[in-house]
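# A look at the structure
Below are the chains, spelled out letter by letter.
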Amino acid sequence: MAAGSETNLNNTNAASGHVNVLFFGQLKERLKCDKLTVDIAYSLSIKSFKHMLVEQNPHWQAWLEERDVLCALNQTMSSSDELVKAGDELAFFPPVTGG
Amino acid sequence: MAAGSETNLNNTNAASGHVNVLFFGQLKERLKCDKLTVDIAYSLSIKSFKHMLVEQNPHWQAWLEERDVLCALNQTMSSSDELVKAGDELAFFPPVTGG
Amino acid sequence: MSISIKVQTMDFSVGEQHGALCSNNKSDGAVVTFTGLVREFSSGDNVIALELEHYPGMTEQLLRSIAEQAQTRWQLARISIIHRVGYLALGEQIVFVGVTSRHRQAAFEGAQFIMDYLKNHATFWKKEHFKDSSNWVEFKQSDKQALSKWQSIEQDAIK
Amino acid sequence: MSISIKVQTMDFSVGEQHGALCSNNKSDGAVVTFTGLVREFSSGDNVIALELEHYPGMTEQLLRSIAEQAQTRWQLARISIIHRVGYLALGEQIVFVGVTSRHRQAAFEGAQFIMDYLKNHATFWKKEHFKDSSNWVEFKQSDKQALSKWQSIEQDAIK
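Read on for an overview of the structure. (Residues numbered from 1 in each chain as written. Chains lettered and ligands numbered in written order. Predicted model: local features only at pLDDT ≥ 70, side-chain atom pairs only at ≥ 80, totals over all residues. Heavy atoms only, no water.)

### Topic: helix α1 (residues 14-22) of chain D
Residue and element names in this part refer to chain D. Every buried residue belonging to α1 is among Val14, Gln17, His18, Leu21 and Cys22, and all of these are buried. The buried side chains of α1 occupy one side of the element, clustering within an arc of 130° when seen end-on. Two residues or fewer past α1, asparagine 24 is found with a positive phi of approximately 50°. (Buried < 20%, exposed > 50% of the residue type's maximum accessible area, 1.4 Å probe, protein only. Helix = DSSP H or I, 4+ residues; strand = E, 2+ residues; numbered from the N terminus. Arc of directions from axis to C-beta.)

Here it is, written out as structure tokens:
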């Protein structure tokens, strides 16, 4: 994992490449991380992607997998079954509280 | 009937005296009258009062008795059964259209 | 709790009214305003102006009573109602209702309730002026229907 | 039909926003605004400030989509949404929603719909600062319930 690069929303369709991961709100604070870049060799579900993040950062589990974390793939709300591909932007955050 | 005097909302309880009558909106325009003072010798219902006005001004009948005219006695919406006494303020007007 | 009622020929500034509703008000999180304007089309023809008259004394009492009813039903700390009378050109402001509350739903419902009751009960009469004619506006049944929402809620509350 | 969406740190003037909604607008008779303010009491303690963050890019898209949904359901000629982010002191303005319509019911419902959807879907997160502590605001079930009103109307329309 490297420091986050500029966001790239274009899906390049390359089998391997990087995914920009963003965290917001309380989640960002708990993980002590606002963004990171993850290299992937193949597409995988958001659920598997999360699991991969937790394997690399075991102390994230309590926040990423066990709490009510929402997810947006390329700035669209997404379920954990959807596929993450190289070039995607993936964001995790708690329920929204604006207004 | 004389030109209207200053409004007096105090009911003097005198058996005889004058009633201030007001007209608003389209009714005022149709009757060509915005206010007048009517002397009464005894209390009478709004319905009878209206009838008395029509007897004195027969051309008012189409507007006062046959249309959807509302009535306020001493600035409170009133039904035609209520009693008009000397010193009262009595207003007739069409349904309201503000806002 | 404060209520401000004004019937006037003068125009008003929504910015100023809004400022007054918010100033020194740390407990309310929600402000809702309604402004009614003279609009071009009514029943077909092009309106060029409105003329508004009212029943001085009775109108102010009625508006205050409507505001008090709204404060009884919702937690509305501040209510401001301004209604203009006289000759109003196309595009001019006619009426302002502004309310503050802790919560947005109360503020929205309170403001709408006040407008619905004002339309049905406040002693104003409106005449529309067209290019070559004018006529008194007729009472709208849709305004009467708008009240039924608040009355059925009332009945639900009694059950 | 116009939609203006702004997410900004700067404060805004409700008077100016209202003026823009009304200017050169002869067909709309109704303007409804909602303003959300930082209020003192939340869950007991005295709030001294809020801190708001958002998801740049996604937030603006979501707000536009909410405004477009509102325009599909009601005849809302103009919609303006402003949401501030950053550090906001007690009493400051957080959010503004202003809509115009020919009729008041559409304006009231449209503005309320936008606020209800904004509260549930727009990607903002709020932290409350107290004298000696701070904490992230929890999502409110009452905001989720506020949506059900619009969804049941939708189902009624489909029947």
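### Considering the packing of aromatic side chains
By the definition in use, this model includes 26 aromatic pairs over all chains. Three or more aromatic residues link up through ring pairs in this structure, and these residues are Phe24 and Phe93 of chain A together with Tyr55 and Trp125 of chain D. (Phe/Tyr/Trp six-rings, centres within 6.5 Å; stacked < 30°, edge-to-face > 60°.)

### Overview of the relation of the copies chain C and chain D
Between the two copies of the chain lies a relationship made up of a rotation around an axis and a movement along it. When chain C is fitted to chain D, the residual RMSD is 0.0 Å, and the transformation amounts to a turn of 180° plus an axial shift of 0.0 Å. As the rotation angle and translation indicate, the two copies are arranged about a two-fold axis. Ranked by how close their C-alpha atoms come to the rotation axis, the residues of chain C are headed by glycine 15 of chain C, at 1.8 Å. A symmetric contact is evident, with 100% of the interface residues of chain C recurring at the interface of chain D. (Least-squares fit on C-alpha atoms with pLDDT ≥ 70 in both. Contact = heavy atoms within 4.5 Å.)

### Description of the side chain of lysine 119 of chain D
Structurally, lysine 119 of chain D is set in helix α3 (residues 104-121). One buried charged side chain, lysine 119 of chain D, makes no salt bridge at all; its nearest oppositely charged neighbour is aspartate 143 of chain D, positioned 4.6 Å away. One polar contact links the side chain of lysine 119 of chain D to the main-chain carbonyl oxygen of glycine 98 of chain A, over a distance of 3.4 Å. (Lys, Arg positive; Asp, Glu negative; His and termini not counted. Salt bridge = Lys/Arg side-chain N within 4 Å of Asp/Glu carboxyl O. Polar contact = N/O pair within 3.5 Å; in protein donor to acceptor, adjacent residues only side chain to side chain.)

### A look at the interface of chain B and chain C
Facing the 19 residues of chain B at the interface are 26 residues of chain C. Across the chain B to chain C interface the summed buried area is about 1,800 Å²; carbon plus sulfur atoms make up 56%. Looking only at chain B, the three residues that lose the most surface to chain C are Val96, Thr97 and Gly99 of chain B, adding up to 38% of its buried area. Inspection of the region where chain B meets chain C yields 2 salt bridges. (Buried area = accessible area lost by both parts, 1.4 Å probe.)

### Regarding the packing of helix α3 (residues 104-121) of chain C against α3 of chain D
The geometry of α3 of chain C relative to α3 of chain D is characterised by a closest axis approach of 11 Å and an angle of 175° between their N-to-C directions. When the interaxial angle is binned, α3 of chain C and α3 of chain D end up roughly antiparallel. Mapping the contact onto sequence places Arg104, Gln105, Phe108, Ala111, Gln112, Met115, Asp116 and Lys119 of chain C in α3 of chain C and Arg104, Gln105, Phe108, Ala111, Gln112, Met115, Asp116 and Lys119 of chain D in α3 of chain D. The residue makeup of the contact of α3 of chain C with α3 of chain D, split by class, is 6 nonpolar, 4 polar and 6 charged. (Axes fitted to C-alpha atoms, helices over the stretch in contact; angles between N-to-C directions. Parallel < 35°, antiparallel > 145°, perpendicular 65-115°, else oblique. Nonpolar A, V, L, I, M, F, W, Y, C, P; charged D, E, K, R; others polar.)

### Description of the sheet that holds strand β7 (residues 124-129) of chain C
All names here are of chain C. Spatial ordering of the open sheet is given by β5-β3-β7-β8, a layout of 4 strands whose pairing is antiparallel. The sheet is open, and its two edges are formed by β5 (86-89) and β8 (134-136), each paired on a single side. Averaged over all neighbouring strand pairs, the angle between strand axes comes to 25°, with direction disregarded. (Pairing = 2+ DSSP bridges.)

### Comments concerning unusual backbone geometry
Positive phi outside glycine occurs at asparagine 74 of chain A, with the angle close to 50°. On the accessibility criterion, asparagine 74 of chain A (25% relative accessible area) is partly exposed.

### Things to note about the interface of chain C and chain D
Between chain C and chain D, the contact holds 32 residues from the first and 33 residues from the second. Of the roughly 3,000 Å² buried at the junction of chain C and chain D (both faces included), carbon and sulfur atoms supply 56%. When residues of chain C are sorted by the area they lose upon contact with chain D, Arg39, Arg104 and Phe108 of chain C head the list and together hold 25% of the total. Our enumeration of links across chain C and chain D arrives at 4 salt bridges. Among the ionic pairs, arginine 104 of chain D bridges to aspartate 116 of chain C, the shortest N-O distance being 2.8 Å. The tally of links from chain C across to chain D stands at 13 residue pairs in polar contact (both at pLDDT 80 or more). When residues of the side of chain C that touches chain D are traced back to their parent elements, those giving at least two are α1 (14-22), β2 (30-37), α3 and α4 (141-158) of chain C. For the side of chain C that touches chain D, the residue count by class is 12 nonpolar, 11 polar and 9 charged.

### Some words on the pattern of salt bridges
Per the stated rule, a full pass over the model turns up 14 salt bridges over all chains. Notably, a salt bridge pairs arginine 84 of chain D with glutamate 92 of chain D, separated by 3.0 Å at the nearest N-O pair. You can call arginine 84 of chain D buried: its relative accessible area is 5%. The class for glutamate 92 of chain D is partly exposed, based on a relative accessible area of 25%. Bridged by salt links that share partners, the residues Asp11, Arg84 and Glu92 of chain C form one connected network.

### Topic: the pairing of strand β4 (residues 70-73) of chain A
Residues and elements named next belong to chain A. In terms of strand pairing, β4 meets strand β7 (residues 89-93) through 4 bridges, oriented antiparallel. Counted as the bridge partner of leucine 70 is phenylalanine 93 from β7. Pairing geometry for β4 and strand β5 (residues 76-77), over 2 bridges, is antiparallel. Bridging from a neighbouring strand, leucine 73 pairs with threonine 76 of β5. As consecutive antiparallel partners, β4 and β5 are separated by 2 residues, and within that stretch asparagine 74 has a phi angle of approximately 50°, a positive value.

### Looking at the packing of helix α2 (residues 58-73) of chain C against α3 of chain C
All names here are of chain C. For the pair α2 and α3, the least separation of the axes is 10 Å and the interaxial angle reads 150°. The handedness of the crossing between α2 and α3 comes out as right-handed. Contacts between α2 and α3 involve Leu62, Leu63, Ile66, Gln69, Ala70 and Arg73 from the former and Gly110, Phe113, Ile114, Tyr117, Leu118 and His121 from the latter. Within the contact of α2 with α3, the residues separate by chemical class into 8 nonpolar, 3 polar and 1 charged. (Left-handed = near helix turned anticlockwise from the far one by under 90°.)

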